[in-house]
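As a plain string of letters, each chain reads:
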Amino acid sequence: MLIEERHQKILDWLEEKGYISTDDIQEEFQVSYDSAKRDLRILEEKELLKRTRGGALPLRQVGIGRPKGNTARDIPAVKENYALIAKKAVSMLRSQDVIYITSGTVGYFMAQNISDEMTLRVCTNSIVVAEELRRKANVSVILIGGEMDDKGCCYDGFATDMIKKLRFDKCFLTSASISAEFGISMQRTAALSFYEALIKGSKQVIGLYPKEKIGFHSVVSIAPAESLDLMITDWDASEEDLKLFSEKGIRVEIVEKPAHVDA
């Protein structure tokens, strides 16, 4: 197989599956590890994909969106890295904390994993996350209100006014994308004031960003990257991107790759 043909098949794989690992390339095309790495480097130099530690993502991918609907059945299937990032975030909680949990999918998994042994006050603007939290007798829930969007979340002026009246020990947030240059970004302007108030009212701001969201730009920058005190990501995030965040004074926590994950 010609190199050009292999490169096109790599791009086809990415379009279909959303991620390709060096192991995938070695197995599918019977090439060495060095050849697989070289293929991805060449394609990245042509601006056709974005490399991660162990593979590559489509160049335009900005991550999985917020859960839509108001039941657990509406939560999309996600990669294991989302769940592991959520568990890492939960491990940072302390009894009596007052926290904000993002409306993103990773926030739903945080709500699922909160221990019944820990007394918390949790604020969220998502009815999906709130529905999961209300089952826990040890958690007091503050649900931010206002005009809901189609995913059951509130970001409007009413929601922003309510957030301004609250203070949090820890704020766990995510967005469509994050980069050292463009900061925390998302597709719409509606949430800009909401996020500004949320960050201002939090003692510690913790970003929950799987590899799929790192190093990309969405439409609207809602805050600089250094608004985060800490970022939690996964084992396959780009080392180059993580170095840029560290240079901005952001502490980075990386969840370890499970033994059964090949990529």
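You'll find the structure just up there.
The shown structure was predicted, so the numbers you read here are calculated from the model rather than taken from an experiment.

Per the secondary structure count, the protein chain includes nine helices and 13 strands. Dimensions along the principal axes, computed over C-alpha positions, put the protein chain at roughly 60 × 35 × 35 Å. For the protein chain, the residues scored as buried account for 52% of the 263 residues in total. Surface summary for the protein chain: the accessible area is close to 12700 Å², and the carbon and sulfur share equals 47%. Across the protein chain, the centroid of the 36 positively charged side chains sits 5 Å from that of the 41 negatively charged ones.

Attention now goes to the nonpolar core. Grouped together as the largest cluster of nonpolar side chains are 36 residues, with contacts concentrated most on Ile163, Leu173, Phe194, Leu228, Met231 and Phe245. Those elements that place two or more of their residues in this core are helix H7 (157-164), strand S7 (168-173), strand S9 (183-186), helix H8 (192-200), strand S11 (220-223) and helix H9 (239-247). At five residues, H8 tops the list of elements feeding residues into this core. The residues touching leucine 228, leaving out its near neighbours within four places in the chain, are Leu173, Ile178, Ile184, Val205, Ile206, Gly207, Tyr209 and Ile250. In this structure, Tyr82, Ile85, Ala111 and Val128 belong to the second largest nonpolar core, which totals 29 residues.

Turning our eyes to something else, we now look at the pattern of salt bridges. A full pass over the atoms with the stated rule returns 15 salt bridges. Arginine 134 is the partner of glutamate 131 in a salt bridge, and the nearest nitrogen-oxygen pair spans 2.8 Å. The class for glutamate 131 is partly exposed, based on a relative accessible area of 24%. Between aspartate 169 and lysine 203 there is a salt bridge, and its shortest N-O distance comes to 3.5 Å. Remark: lysine 203 occurs in strand S10 (residues 202-208) and aspartate 169 occurs in strand S7; sequence separation between them is 34 residues. For aspartate 169, a relative accessible area of 23% corresponds to the partly exposed category. Here the residues in one salt-bridge network are Glu131, Glu132, Arg134 and Arg135, joined through shared partners.

As a further point, take unusual backbone geometry. The residue glutamine 30 is not glycine, and still its phi comes out positive at about 55 degrees. Note on placement: glutamine 30 falls in the loop between helix H2 (22-29) and helix H3 (33-45).

Taken as a whole and judged by the stated rule, the model has zero disulfides. Cysteine 171 provides the cysteine sulfur closest to cysteine 123, a residue in no disulfide bond, and the two sulfurs are 9.3 Å apart. Of the residues examined, cysteine 123 reaches a relative accessible area of 1% and is grouped as buried. Cysteine 153 carries a free sulfur, and the closest cysteine sulfur to it, the one in cysteine 154, is 7.4 Å from it.

Turning to the sheet that holds S11, a few remarks are in order. Pairing is antiparallel across the open sheet formed by three strands, whose spatial order is S8-S9-S11. Of all the strands in the sheet, just strand S8 (177-179) and S11 have a single pairing partner and so form its edges. Strand-to-strand, the axes of this sheet are offset by a mean angle of 40 degrees, without reference to chain direction. Alignment of S9 against S11, held across three bridges, turns out to be antiparallel. The partner of methionine 186 across the bridge, within S11, is valine 220.

So, about H7. All of the buried residues in H7 are Ala159, Thr160 and Ile163. Buried residues of H7, viewed axially, fall in a sector of 100 degrees; they line one side. Exposed residues pointing more than 90 degrees away from the buried face of H7 are listed as Phe158 and Lys164. At the N-terminal boundary of H7, the capping side chain belongs to aspartate 156, with an oxygen 3.2 Å from the backbone nitrogen of phenylalanine 158.

At 3.6 residues per turn, the α-helix brings residues three or four places apart onto the same side. When we look at burial in H2, the residues that qualify are Thr22, Ile25 and Phe29. Down the axis of H2, the buried side of the element spans an arc of 60 degrees, and every buried residue falls inside it. Elements that come into contact with the buried residues of H2 comprise helix H1 (3-17), strand S1 (20-21), H3 and strand S3 (55-58). Looking at the residues trailing H2, positive phi occurs at glutamine 30, about 55 degrees.

Criteria and thresholds
Residues take numbers from 1 onward in each chain, read along the sequence in its written order. Local features in a predicted model are, by the rule used here, given only for residues with pLDDT of at least 70; side-chain atom pairs are given and counted only at 80 or more, and totals for whole chains, interfaces and linings are based on all residues. Hydrogens and water molecules were not included; the side-chain quantities draw on all heavy atoms of the structure. Where helices and strands are cited, they refer to DSSP runs of H or I of at least four residues and of E of at least two residues respectively, numbered from the N terminus. Relative accessibility under 20% of the residue-type maximum defines a buried residue, over 50% an exposed one, and the middle range a partly exposed one, all with a 1.4 Å probe and only protein chains included. Methods summary: accessible areas were calculated by the Shrake-Rupley approach with a probe of 1.4 Å, and residue burial reflects only the protein chains presented. In this tally Asp and Glu are treated as negative and Lys and Arg as positive; neither His nor the chain ends contributes. Where a charge lies is defined by one atom per residue type: Lys uses NZ, Arg uses CZ, Asp uses CG and Glu uses CD. To form a nonpolar core, buried Ala, Val, Leu, Ile, Met, Phe, Trp, Tyr and Cys residues must be joined to one another through side-chain atoms within 4.5 Å. In what follows, residue pairs with any heavy atoms lying within 4.5 Å of each other are defined as contacts. Just to be clear on terms, a salt bridge is a Lys or Arg side-chain nitrogen sitting within 4 Å of an Asp or Glu carboxyl oxygen. Pairs of cysteine sulfur atoms within 2.5 Å are identified as disulfides in what follows. Strand pairing is defined by DSSP finding a minimum of two bridges between the two strands. Working convention: axes come from line fits to C-alpha atoms, limited for helices to the stretch in contact. Angles between N-to-C directions cover 0 to 180 degrees. In this description, the arc belongs to the directions extending from the helix axis to the C-beta atoms. Nitrogen and oxygen atoms within 3.5 Å of one another constitute a polar contact, given that in protein one can donate a hydrogen and the other can accept it, and given that sequence-neighbouring residues count only through two side-chain atoms.

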